[in-house]
Amino acid sequence: MPDPPISFARGAPAPELIPAAQLAECAYAVAEREGAKVFAYGPGVGYAPLREWVADQRGVDPARVVLTVGGLQGFAFHAAEQLARRPGRVLVEAPSYDRPLKILAREGVEIVALRMDDEGLDPDALEAELRRRPEPPSFLYTIPTFQNPSGRSLSTERRRRIVEIAVAHRLAILEDDPYGLVRYEGDAQPSLLDLEGGELVTYASSFSKTAAPGLRVGYFVLPADTVAAFEERAVSTYISPPFLTQAIISEFIERGYFEPNLARVCAELAARRDAMRQALERTFPSGSSWSRPAGGYFVWLELPSGMATADLLARAEAEGVAFVRGQDFYPLASRLGLGSVRLAFSYETPERIEEGIEILANLL
Ligand SMILES: Cc1ncc(COP(=O)(O)O)c(C=O)c1O
């Protein structure tokens, strides 16, 4: 039995993927240079130099960029604001990231799960839902690139169609993209924000996967008319975000550490993804299938028909392997995902990934 247990459950970078020494150097440098400024309250929208860098990367006015305490906190602000402006159901692709589903469920919001396949959210399912119930939804929440939990990416053609549908129906979209830069092969795809321009699309990302999650620095590119209300939510929740961690990221970029670190992280993760794929191919029974991500953290596994994940999880944990059940990524009452598994390959070394997959295969 592996000791410590092998975790395919943690959608987090392994400690060796976090550039701790460089971040420490940046922390000391900014604290010394900027002094009290980075230890004081500041504007609710965050540290100006980092907002400018994000704006430059995304090709937007810095006034539209708000830095948040991680992407998830931003999701909570955005959802609350959007639901206040336009009450209604929230559309999500199914499966989807579990924490936003929990936030929405806690707010008592109706969640409509839309079909997706290997090419991501199905535009026909989106259009059918908008036609079926003409009252406008509050917004669509989507993770088009290296999705959590499935690892899948929305094809470029579908991105264009989804934007066309959104424009035709005046549908607001929240595009959540924390994994887009964590790409191992192939060319970057246009974001929904790029394709639409940012009147209907709000774009969210964070530095959790490209620098360090514990710094808690996320960002939102908002439609211009929603910035003030979003900032007001931030100010009335935490007064101002922590400037020190935002300044650390800014310094990390200034010193030229960001790109080389990202290249290192991508190379490490690609090796982990390959180890998982090869082990699945070598050991898993026919009838099972899995996604083939070109980036991100996750593989989505479908067990042979009739096999229930809940039962497998209990037995796997007894053998020292953890994962998250597929059903946790669907709205609670849907009873979907009962034969699916999310496997994160970000936290374990290639050797332990192989060992963990072999243990799971033996249990099947
Ligand atoms: C799709 C997605 N969005 C948002 C987040 C939140 O990340 P953070 O709050 O660390 O920026 C995660 C984290 O795993 C994620 O997978």
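Residues numbered from 1 in each chain as written. Predicted model: local features only at pLDDT ≥ 70, side-chain atom pairs only at ≥ 80, totals over all residues. Heavy atoms only, no water.

Quick look at helix 8 (residues 227–238)
At step 1: Given a rise of 1.5 Å per residue, twelve residues ought to cover 16 Å, and the 16 Å separating the end C-alpha atoms of helix 8 matches this to within 8%.
At step 2: Immediately beyond the C-terminal end of helix 8, within one or two residues, lies I239, with a positive phi of roughly 65°. (Helix = DSSP H or I, 4+ residues; strand = E, 2+ residues; numbered from the N terminus. Expected span 1.5 Å × (residues − 1).)

Re the pairing of strand 3 (residues 90–94)
Side-chain direction in a regular strand flips from residue to residue, so the side chains alternate between the two faces of the sheet.
At step 1: Among the five residues of strand 3, five are classified as buried, and the element is accordingly described as predominantly covered.
At step 2: Taken together, the five bridges between strand 3 and strand 4 (residues 111–117) define a ladder with parallel strand orientation. Residue pairing in the sheet places L91 in a bridge with V112 of strand 4.
At step 3: With helix 4 (residues 98–106) bridging strand 3 and the parallel strand 4, this β-α-β connection has right-handed handedness.
At step 4: Pairing of strand 3 with strand 6 (residues 139–142) involves three bridges; the strand directions are parallel. Its bridge partner being in strand 6, V90 is matched across the sheet by F139. (Buried < 20%, exposed > 50% of the residue type's maximum accessible area, 1.4 Å probe, protein only. Pairing = 2+ DSSP bridges. Right-handed = clockwise from strand over helix to strand, strands pointing away.)

Some words on the sheet that holds strand 13 (residues 324–325)
At step 1: One open sheet accounts for four strands, arranged 10-11-14-13; its pairing is antiparallel. Looking at which strands have only one partner, the edges of the open sheet turn out to be strand 10 (289–290) and strand 13.
At step 2: Pairing analysis gives five bridges linking strand 11 (residues 298–302) to strand 14 (residues 340–344), with the strands arranged antiparallel. In the sheet register, V299 faces strand 14, and the bridge partner there is L343.

Topic: the packing of aromatic side chains
At step 1: Within this structure, the stated rule accounts for 16 aromatic pairs.
At step 2: Each ring, one from Y47 and one from F243, has its centre 6.5 Å from the other, and the planes form 75°; the classification is edge-to-face. Residue Y47 is found in the loop between helix 1 (20–34) and helix 2 (48–58), and its partner F243 is found in helix 9 (residues 243–254); the two are separated by 196 residues along the sequence.
At step 3: Summarising the aromatic geometry, the rings of F207 and F258 are spaced 6.3 Å apart at their centres and angled 80° between planes, so their arrangement reads as edge-to-face. Placement of the pair is F207 in the loop between strand 8 (201–206) and strand 9 (218–221) and F258 in helix 10 (residues 258–283), with a sequence separation of 51 residues.
At step 4: Of the residues examined, F258 reaches a relative accessible area of 4% and is grouped as buried. (Phe/Tyr/Trp six-rings, centres within 6.5 Å; stacked < 30°, edge-to-face > 60°.)

Regarding the site of the ligand
At step 1: The ligand sits among 13 residues. The nearest are G71, D176, Y179, S208 and R216.
At step 2: One of the side-chain N or O atoms of N148 is found 2.8 Å from an oxygen atom in the ligand.
At step 3: Contact between the ligand and S206: an oxygen atom at 2.8 Å from a side-chain N or O atom of the residue.
At step 4: Coverage of the ligand by the protein chains reaches 93% of its 400 Å² of free accessible surface.
At step 5: Comparing atom positions with the cavity grids shows the ligand to sit within the largest pocket.
At step 6: With three residues, helix 3 (residues 70–85) is the largest single contributor of residues to the shell around the ligand.
At step 7: For the shell around the ligand, a count of residues per class yields five nonpolar, five polar and three charged. (Near = heavy atom within 4 Å. Polar contact = N/O pair within 3.5 Å; in protein donor to acceptor, adjacent residues only side chain to side chain. Areas by Shrake-Rupley, 256 points an atom, 1.4 Å probe, with all protein chains shown as cover. 1 Å grid on protein atoms, 1.4 Å probe; cavity = no way out; pocket = protein on both sides within 12 Å on 5 of 7 lines; lining within 4 Å. Sits in = over half its atoms within 2 Å of the grid points. Nonpolar A, V, L, I, M, F, W, Y, C, P; charged D, E, K, R; others polar.)

Looking at the sheet that holds strand 7 (residues 173–176)
At step 1: With mixed pairing, eight strands are arranged side by side in an open sheet as 2-9-8-7-6-3-4-5. On the outer flanks of this sheet lie strand 2 (65–68) and strand 5 (120–121), each paired with one strand and no other.
At step 2: Summarising the sheet, strand 7 and strand 8 pair through four bridges and their orientation is parallel. Among the inter-strand pairings, D176 is bridged to a residue of strand 8, identified as A204.
At step 3: Strand contacts of helix 3: strand 2, strand 3, strand 6, strand 7, strand 8 and strand 9, with the helix running at about 35° to strand 9, the strand carrying the most contacts. (Contact = heavy atoms within 4.5 Å. Axes fitted to C-alpha atoms, helices over the stretch in contact; angles between N-to-C directions.)

Concerning the domain arrangement of the protein
At step 1: Entries for the protein in the domain assignment read domain 1 (6–18 + 259–363) and domain 2 (20–254).
At step 2: Between the C-alpha centres of domain 1 and domain 2 the distance comes to 25 Å.
At step 3: Facing the 25 residues of domain 1 at the interface are 30 residues of domain 2.
At step 4: Note on domain 1 versus domain 2: buried area summed over both sides is about 2,300 Å², and carbon and sulfur give 64% of it.
At step 5: Considering only the surface of domain 1 that becomes buried against domain 2, I18, A294 and F329 emerge as the three largest contributors, covering 23% of it.
At step 6: Joining domain 1 to domain 2, the criterion identifies one salt bridge.
At step 7: Taking the shortest distance from any N to any O, the salt bridge between E185 and R273 comes out at 2.9 Å.
At step 8: Counting across the interface, domain 1 meets domain 2 through nine residue pairs in polar contact (both at pLDDT 80 or more). (Domains from an automatic or database assignment. Buried area = accessible area lost by both parts, 1.4 Å probe. Salt bridge = Lys/Arg side-chain N within 4 Å of Asp/Glu carboxyl O.)

Digging into helix 4
At step 1: Along helix 4, the residues that are buried comprise D98, P100, L101, I103 and L104.
At step 2: Check the buried side of helix 4 and you find it contacts helix 3, strand 3, strand 4 and strand 6.
At step 3: Phi turns positive, to about 75°, at G108, one or two residues after helix 4.

A look at the nonpolar core
At step 1: Among the nonpolar cores identified, the biggest contains 84 residues, and F8, F207 and L343 are the most heavily contacted of them.
At step 2: For this core, the element with the most residues is helix 10, which contributes ten residues.
At step 3: Shared between two domains, this core holds at least three residues of each, these being domain 1 (6–18 + 259–363) and domain 2 (20–254).
At step 4: Dropping the residues within four chain positions of it, F8 is found in contact with M276, V321, A322, F323, R342, L343, A344, R352, I353, G356, I357 and L360.
At step 5: In terms of nonpolar packing, the next biggest core, distinct from the first, is built from 27 residues, F139, A204, L222 and A234 among them. (Core = buried A, V, L, I, M, F, W, Y, C linked by side-chain atoms within 4.5 Å.)

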